[in-house]
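# Architecture at a glance
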Protein chains: 2
Amino acid sequence: MIAWRNAIDCIYFIKKKSISIIIHIFAMQNDNSFMKNKGEVTIHDIAKELKISASTVSRALNNNPRISTKTKNKIKETALKMGYRPNIVASNLRTQKTNTIGVVVPRIYRNFFSNAISGMEEIAYRRGYNVIITQSGDDPEREQFNVNSLFSSRVDGIIVSMAMHTTNFDHFKLFYDKNIPIVFFDRLCAAIPTTQIVVDDENAGYQITKHLAEQGCKRIAHLAGPQNLKIYSDRRKGYERALAEMGLTIDEDQIIYCNLTREDGTKAAQTLLSGTNKPDGIYCGNDTSALSVIIYAKENNIKIPEDLCIVGLSNEPFAEVITPSLSTIKQPAVEIGKQAVLSLIDQIENKKRPEKLETIVLPTELIIRESSKRK
Amino acid sequence: MIAWRNAIDCIYFIKKKSISIIIHIFAMQNDNSFMKNKGEVTIHDIAKELKISASTVSRALNNNPRISTKTKNKIKETALKMGYRPNIVASNLRTQKTNTIGVVVPRIYRNFFSNAISGMEEIAYRRGYNVIITQSGDDPEREQFNVNSLFSSRVDGIIVSMAMHTTNFDHFKLFYDKNIPIVFFDRLCAAIPTTQIVVDDENAGYQITKHLAEQGCKRIAHLAGPQNLKIYSDRRKGYERALAEMGLTIDEDQIIYCNLTREDGTKAAQTLLSGTNKPDGIYCGNDTSALSVIIYAKENNIKIPEDLCIVGLSNEPFAEVITPSLSTIKQPAVEIGKQAVLSLIDQIENKKRPEKLETIVLPTELIIRESSKRK
DNA sequence: GTGAAAGCGCTAACAT
DNA sequence: ATGTTAGCGCTTTCAC
């Protein structure tokens, strides 16, 4: 007898988002005597069945306190028996709210993004929101299409990591102008004054460099990414701050600017490690380039970490299993996703957006592995 | 105040040197004479503006051939000028179709799934569908909740990789009974006669074993997964078929049944490689266990591939970067996702579902790397 | 505590 | 080629 109550309430959790324990018991639904052949059972069918009005049914199913417990129970029971399923599309149209969040990322399959998306879904699920995923493939036009499409779907808000070369922000402005919440993460958009979720890249660079110095490195090189992107310039700034603090000189020859690809890493390793004034520590702007450096060092019989300490950044899955395992910075991808959704839902439900650009900074974690552990 | 914004907007767009049409449109958008204060522009607003009927506007925007090109153009132009955005929610309600696909996977962040999802989104995008992602976390109740929730959202179909221990299939039956397409992939559901997308695991096992024999291995061991799961029993069957074909004996001592975790791999390696009758080739049921075997072999000074060839299965990201790089089977995750959506959309749009269980088998690819290349 | 009625924004007969 | 009308299934104001 408790069964039907839980079941129908559970269905309604999908629409509302009461925070209650959910028990699923979807039995009793195969009683076909009530089933209409065409289409779904509606609240009108239930109303007719019970000779009451549709509005009462609607109220009862939404746990409106004005309905007596007795009729409420009767309605829920009948709803379950008839195999009623709320039509959320209709509800969405009527209430002008979809409980849906749109997500736009460059590429879903990248480790960082799939983890972030996983975190987003986790929170969205708990709060009663759906998540529509789209990927731009780093194509500004496709990003624009996706964002416009999400608007037409009337999502309640969007979470975006921008395509690499997006320069026109009209599609974001569309949301901004209509007061629909946007949250950026990872690749930010300075043109839209809203919430952004980032990790403390400056501090990551600082931690890495300090760690290298503590391991006894006297000459620490840095493979730096494109400095027009904030994440990479921050990673370099942290490096310079640490060097200064440790009393080490900043030598521009020891900073190689590149795109941090596998090829770039190899080239940089050649440049740095073939000269006379070799570094005894290299802080790579990401794990990919660090991988190249490790391979180059091994091929050239440079001992890691004795002769050369190497640290990467991002904690790719391969970092812990390569030989030697790679010291790196763990970015809390899942946590970033969770924060993004929390912040977005807060804006959606409290109808207030930040006055100006608001940056939420999440901490990173230095993971010390063989490639830099000397003692 | 409003004037100021207009000015800024215009300057902004002119500075960007965007296509002049866009400048025009956005300039007009800020002309408040068109804008309703509350809510969005609707086809009725456009109709009123042009003194025509809303249905004509609807037809024009949907490129209905019965509307003359002249009025069509005029309507589209006005729609743009007024900043009209179609309300898909309303359209969905009316047409009883959402152009949305629901996806349920155990964990989004797993490499295989994020790749599959990426493939799904790719095709869905091209075919004009949205993708709602949910994850079960291998919890049957959460899976049930997600599937029911997707039903209430009136998705046009779902794609599912089941939770590990789902035993009640009522939630899938709900879709099946109402003739809403379902496609399973990876973790299948035999209880629902529908389309399933899988890879040819039997053949993968066969290829691996044959490859090992061709490299000169005479005694080939196998780390086998739980045999109640089809993928793992198939992987073993291919192994036995190859052995038989190559005239090698099937020795049950050389088959270790386990869950293929890191720990299982280490334990299996100990068992196999410490005895007197050591194998000279090991086919591991996945890459994770293969990793453990490689590490064990390296620690015990067993030369790879000279003394021992090792092959994994699934091509995890680490396989190509560990030392020695790991030979493995590449599963076309992205392709699986694409196939799943193609098959689902076919069922949605042609309103025909398979009479009985229909299995689409995708080929795998053997990638030979250092861990098994002897010549 | 319950009902009547209006309408969210769109589409699609059925007219003309 | 265009207009009229009637909903899709739900919520919600206003009555009683």
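Everything numeric here is computed off the predicted structure, so don't read it as measured data. (Residues numbered from 1 in each chain as written. Chains lettered and ligands numbered in written order. Predicted model: local features only at pLDDT ≥ 70, side-chain atom pairs only at ≥ 80, totals over all residues. Heavy atoms only, no water.)

## A few points about the interface of chain B and chain A
How large an interface is tends to be reported as the accessible area lost when its parts come together. Between chain B and chain A, the residue contacts involve 56 residues of the former and 59 residues of the latter. Between chain B and chain A lies a buried interface of about 5,300 Å² when both sides are counted; carbon and sulfur atoms form 54% of it. At the junction of chain B and chain A, the tally comes to six salt bridges. For R142 of chain A, the salt bridge goes to E122 of chain B, with nearest N and O atoms at 3.3 Å. Counting every contact that joins chain B to chain A gives 26 residue pairs in polar contact (both at pLDDT 80 or more). Among the elements of the structure, α1 (2-16), α2 (20-29), α6 (88-95), α7 (111-127), β2 (130-135), α8 (140-152), α9 (170-177) and α13 (287-299) of chain B are those that each provide at least two residues to the side of chain B that touches chain A. In terms of residue count, the dominant contributor to the side of chain B that touches chain A is α8 of chain B (nine residues). (Contact = heavy atoms within 4.5 Å. Buried area = accessible area lost by both parts, 1.4 Å probe. Salt bridge = Lys/Arg side-chain N within 4 Å of Asp/Glu carboxyl O. Polar contact = N/O pair within 3.5 Å; in protein donor to acceptor, adjacent residues only side chain to side chain. Helix = DSSP H or I, 4+ residues; strand = E, 2+ residues; numbered from the N terminus.)

## Quick word on the packing of helix α12 (residues 262-274) of chain B against α13 of chain B
Residues and elements named next belong to chain B. Put simply, α12 and α13 touch, their axes get as near as 7 Å, and they point 50° apart. Of the possible angle classes, the one that applies to α12 and α13 is oblique. Judged by the twist between their axes, the crossing of α12 over α13 is right-handed. Mapping the contact onto sequence places R262, G265, T266, A269, Q270 and L273 in α12 and T288, S289, L291, S292, V293, I295 and Y296 in α13. Considered class by class, the residues forming the contact of α12 with α13 number six nonpolar, six polar and one charged. (Axes fitted to C-alpha atoms, helices over the stretch in contact; angles between N-to-C directions. Parallel < 35°, antiparallel > 145°, perpendicular 65-115°, else oblique. Left-handed = near helix turned anticlockwise from the far one by under 90°. Nonpolar A, V, L, I, M, F, W, Y, C, P; charged D, E, K, R; others polar.)

## Points about the pattern of salt bridges
Residue and element names in this part refer to chain A. According to the stated counting rule, one finds 30 salt bridges over all chains in the structure shown. A salt bridge links D156 to K97; the shortest N-O distance between them is 3.2 Å. Within this pair, whereas D156 is found in the loop between α7 (140-152) and β3 (157-160), its partner K97 is found in the loop between α5 (88-95) and β1 (100-105), the two being separated by 59 residues in sequence. Its relative accessible area of 26% is what places K97 among the partly exposed residues. With a closest N to O distance of 2.9 Å, K230 and D234 form a salt bridge. Taken together, the positions of K230 and D234, both in helix α10 (residues 230-246) and four residues apart, correspond to about one turn of that helix. Linked by salt bridges that have partners in common, R107, R110, D138 and R187 make up one network. (Buried < 20%, exposed > 50% of the residue type's maximum accessible area, 1.4 Å probe, protein only.)

## Structural notes on the protein's contact with DNA strand C
Near DNA strand C, the surroundings consist of 27 residues, among which T56 and R59 of chain A together with S58, Y84 and R94 of chain B are the closest. When the atoms of DNA strand C within 4 Å of the protein are sorted by group, sugar and phosphate make up 59%. One of the backbone nitrogen or oxygen atoms of I43 of chain B is found 2.8 Å away from a phosphate oxygen of DNA strand C. S58 of chain B places a side-chain nitrogen or oxygen 2.6 Å from a phosphate oxygen of DNA strand C. Listing elements by their share of the surface near DNA strand C, those giving two or more residues are α3 (54-61) and α5 of chain A together with α3 (43-50), α4 (54-61) and α6 of chain B. Per-element accounting of the surface near DNA strand C gives the leading share, four residues, to α6 of chain B. Per-class residue counts for the surface near DNA strand C are seven nonpolar, 14 polar and six charged. (Near = heavy atom within 4 Å.)

## Quick notes on the packing of aromatic side chains
Summed over all chains, the structure comprises 14 aromatic pairs over all chains. Between the aromatic rings of Y239 of chain A and Y283 of chain A, the centroid separation amounts to 6.0 Å while the plane-to-plane angle is 55°, which identifies the pairing as tilted. Note that Y239 of chain A is positioned in helix α10 and Y283 of chain A in strand β8 (residues 281-284), a separation of 44 residues in sequence. Using a relative accessible area of 0% as the deciding quantity, one classes Y239 of chain A as buried. One aromatic cluster in this structure is built from F112, F113 and F185 of chain A. Positioned above the aromatic ring of Y125 of chain B, the side-chain terminus of R142 of chain A is 4.0 Å from the ring centre. (Phe/Tyr/Trp six-rings, centres within 6.5 Å; stacked < 30°, edge-to-face > 60°. Lys NZ or Arg CZ within 6 Å of the ring centre and 35° of its normal.)

## Considering the protein's contact with DNA strand D
By nearness alone, 28 residues border DNA strand D, and Y84 and R94 of chain A together with S55, R59 and R94 of chain B come closest of all. Each atom of DNA strand D within 4 Å of the protein was assigned to sugar, phosphate or base; sugar and phosphate come to 57%. Taking Y84 of chain A, its side chain carries an N or O atom lying 2.5 Å from a phosphate oxygen of DNA strand D. Between DNA strand D and R94 of chain B, the relevant distance is 3.1 Å, taken from a base nitrogen to a side-chain nitrogen or oxygen of the residue. For the surface near DNA strand D, the secondary-structure elements that each account for two or more residues are α2 (43-50), α3 and α5 of chain A together with α4 and α6 of chain B. Examining the composition of the surface near DNA strand D, we find that four residues originate from one element, α5 of chain A, more than from any other. Classifying every residue of the surface near DNA strand D gives seven nonpolar, 14 polar and seven charged.

## Observations concerning the nonpolar core
By size, the foremost hydrophobic cluster in this structure holds 55 residues, and its most contacted members are L223, I282 and I310 of chain A together with L223, I282 and I310 of chain B. Contacts of I282 of chain A, omitting those with residues within four sequence positions, involve L212, A221, L223, L272, L273, V293, L308, C309, I310 and V311 of chain A. (Core = buried A, V, L, I, M, F, W, Y, C linked by side-chain atoms within 4.5 Å.)

## A look at the relation of the copies chain B and chain A
Applying a rotation about an axis and a shift along it to one chain copy brings it onto the other copy. For these two chains of identical sequence, chain B goes onto chain A by a turn of 180° and a shift of 0.2 Å along the axis, with RMSD 0.3 Å. Taken together, the rotation and translation relating the two chain copies correspond to the operation of a two-fold axis. Here 88% of the contact residues of chain B are again contact residues in chain A; the copies associate through an equivalent surface. (Least-squares fit on C-alpha atoms with pLDDT ≥ 70 in both.)

## What about the state of the cysteines?
Residues and elements named next belong to chain B. Under the counting rule described, the total for this entry stands at zero disulfides over all chains. Sulfur of C309: no disulfide; nearest cysteine sulfur belongs to C217 and is 3.8 Å away. Residue classification places C309 among the buried positions, given a relative accessible area of 0%. (Disulfide = S-S within 2.5 Å.)

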